[in-house]
Amino acid sequence: MPLDPPIQRIIDLLAAHRDNNEPPGTLEERRKLANATMRLAFTGRPDDVTATDHRVPVADGEITVRILRPDGLPVVAPVFYFIHGGGWFQGDLDTAEVELGPITSLVSCAVALVDYRLAPEHPYPVPLEDCVAGYAWLHANHAELGLDSERIAVGGCSAGGNLAAALCLVARDRELPMPCAQLLDVPCLDLTRMDPDPEANLDFGGLTPEACNEFFGLYLAGVTDPRDPRVSPMYEPDLSGLPPAVITVAEYDPVRDQGERYLTRLHEAGVAGAAFRVLAHLHGGWVIPGTVTHALVGDLRAASVRRALTGTLAP
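Residues numbered from 1 in each chain as written. Predicted model: local features only at pLDDT ≥ 70, side-chain atom pairs only at ≥ 80, totals over all residues. Heavy atoms only, no water.

Colleague: Quick question: what am I supposed to make of the overall build of the protein here?
Modeller: Scanning the protein from N- to C-terminus turns up 10 helices and eight strands. In summary, the protein has a C-alpha radius of gyration of 18 Å against a globular reference of 20 Å for 315 residues, a match within 12%. Projected onto its principal axes, the C-alpha coordinates of the protein cover approximately 55 × 45 × 40 Å. When the 315 residues of the protein are sorted by exposure, 51% land in the buried category. For the protein, the accessible surface area stands at approximately 13,800 Å², while carbon and sulfur atoms represent 55% of it. Charged side chains of the protein number 24 positive and 43 negative; the gap between the two group centres comes to 2 Å. (Helix = DSSP H or I, 4+ residues; strand = E, 2+ residues; numbered from the N terminus. Rg over C-alpha atoms; globule rule 2.2 N^0.38 Å. Buried < 20%, exposed > 50% of the residue type's maximum accessible area, 1.4 Å probe, protein only. Areas by Shrake-Rupley, 256 points an atom, 1.4 Å probe, with all protein chains shown as cover. Lys, Arg positive; Asp, Glu negative; His and termini not counted. Charge placed at Lys NZ, Arg CZ, Asp CG, Glu CD.)

Take a look at the structure:
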């Protein structure tokens, strides 16, 4: 299908901007540009939501976990633990709020966002271990935070979807409390090198296999086997015992098939789950306001979180 027209217009504008400007050179410049571009899609934090940043100790440092709490929640509230994307080397708590969308207006829950340390300064396993540490911190401090430790769902977008899936595997294998669901938005689940596919019709100005390979290299630093199941959950031989999954993929996305194959693997292991392919969109393109899909994918995520936290996602 042709791209959704509002998305096509934005792609054309970005291409024209790139043609008229020097591309950012350093990694830090790329981060600033990518984060600033993502923030342009922010529709604003609702007035009734209080945001509190907490410093959490981790190996060799600290990270921040931001808790968003809308007014009117019960004293002990369920929580959605969300991990931002950005190829493991960019993104922050503010871009996480953009990716998350207005979920606090749609679901009666708190939201916890984790500002994990980024590659290449902090390659694997640091980002994953930071996400696990933030998740364990929520459980250890749930009473003081007013959170229901029995009702925590995890999710993430793109690289964050990879980290959310890997977190579930770590929780199972380390016998940590299991999330009640895993919500994976355009997840990258296989970090082995990608070859360009001339028949995939992916040249729309979105994520490319070449960009994926660069991001994989930054995250793995050339020393980690990309077939390590904690790097590439697709290579985990045993996916049993994991929480129900909801996976969203985009039609024009080099990691599209990974999300769909992962659902097949989960089903084969007896794990309940569903996947939704969004037509006429690029990798996570529905984050951009002004499309029907922006609202509907947000509603789909909200419905998934709501059902996960009320125990009605899977039979």
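Colleague: Looking at this model, I keep getting lost on the environment of Gly 285. Mind explaining?
Modeller: Here Gly 285 lies in the loop between strand 8 (273-282) and helix 10 (292-309). Owing to a relative accessible area of 8%, Gly 285 belongs among the buried residues under this scheme. Taking the C-alpha atoms as reference points, Gly 285 and Ile 7, separated by 278 residues in sequence, lie 7.2 Å from one another.

Colleague: What is the right way to read the pattern of salt bridges from this model?
Modeller: Pairs can form between side chains of opposite charge once their charged atoms are near each other. For the structure on display, the rule yields 21 salt bridges. The closest approach of N and O atoms between Glu 62 and Arg 55, which form a salt bridge, is 3.3 Å. On the accessibility criterion, Arg 55 (47% relative accessible area) is partly exposed. Linking Asp 130 and Arg 117 is a salt bridge whose minimum nitrogen-to-oxygen distance equals 2.8 Å. Highlighted residues: Asp 130 in helix 5 (residues 126-140) and Arg 117 in the loop between strand 4 (110-115) and helix 5, separated in sequence by 13 residues. Arg 117 carries the same exposure label as Asp 130, and that label is buried. Each of Arg 39, Arg 45, Asp 53, Arg 66, Asp 92, Asp 94 and Glu 97 takes part in salt bridges that share partners, so that together they form one network. (Salt bridge = Lys/Arg side-chain N within 4 Å of Asp/Glu carboxyl O.)

Colleague: What should I look at first to understand unusual backbone geometry in this one?
Modeller: Residues other than glycine predominantly adopt negative phi, and peptide bonds predominantly adopt the trans conformation. Cis rather than trans, the peptide bond between Ala 119 and Pro 120 has omega equal to 0°. Its place among the elements puts Pro 120 in the loop between strand 4 and helix 5. Residues other than glycine seldom take positive phi values, yet Trp 88 does so here, at roughly 70°. Mapped onto the fold, Trp 88 is located in the loop between strand 3 (77-83) and helix 3 (93-100). Judged by its relative accessible area of 2%, Trp 88 falls in the buried class.

Colleague: Help me understand helix 9 (residues 256-268), please; the structure alone is not making it clear to me.
Modeller: Structurally, the α-helix is built with 3.6 residues per turn, so residues lying three or four positions apart point the same way. Taking 1.5 Å of rise per residue, the 13 residues of helix 9 would be expected to cover 18 Å, and the 19 Å separating its terminal C-alpha atoms lies within 8% of that figure. Looking at the buried side of helix 9, the elements it contacts are helix 7 (159-173), strand 6 (182-185), strand 7 (245-252) and strand 8. Gly 270 lies just past helix 9 and shows a positive phi near 85°. (Expected span 1.5 Å × (residues − 1). Contact = heavy atoms within 4.5 Å.)

Colleague: Looking at this structure, how should I read the environment of Thr 312?
Modeller: Mapped onto the elements, Thr 312 comes out in the segment after helix 10. Accessibility expressed as a relative area gives 40% for Thr 312, which makes it partly exposed. When the C-alpha positions of Thr 312 and Ala 221 are compared, they lie 41 Å apart, and in sequence the two are 91 residues distant.

Colleague: When you look at helix 7 in this model, what are you seeing that I'm missing?
Modeller: Over its 15 residues, helix 7 runs 21 Å from end to end, which matches the ideal 21 Å to within 8%, given 1.5 Å per residue. Glu 175 sits one or two positions beyond helix 7 and adopts a positive phi of about 60°.

Colleague: What is the right way to read the side chain of Arg 230 from this model?
Modeller: With respect to the element layout, Arg 230 can be found in the loop between helix 8 (209-220) and strand 7. By relative accessible area, Arg 230 is classed as buried at 16%. Side-chain polar atoms of Arg 230 contact the side chain of Asp 173, separated by 2.2 Å. Only 3.0 Å separates the side chain of Arg 230 from the side chain of Glu 236, close enough to count as a polar contact. Filtering out sequence-adjacent residues up to four positions away, Arg 230 remains in contact with Tyr 124, Leu 128, Ala 166, Leu 169, Val 170, Arg 172, Asp 173 and Glu 236. (Polar contact = N/O pair within 3.5 Å; in protein donor to acceptor, adjacent residues only side chain to side chain.)

Colleague: Sorry, what's going on with the nonpolar core here?
Modeller: A general feature of soluble globular proteins is that nonpolar side chains tend to end up buried together. Formed by 62 residues in total, the largest nonpolar core has its most connected members in Tyr 81, Ile 83, Trp 88, Leu 138 and Tyr 262. Sort the elements by how many residues they give to this core and helix 7 lands first, with nine residues. Formed by 26 residues, the second largest nonpolar core is a distinct cluster that contains Ile 103, Val 111, Ala 153 and Val 278. (Core = buried A, V, L, I, M, F, W, Y, C linked by side-chain atoms within 4.5 Å.)

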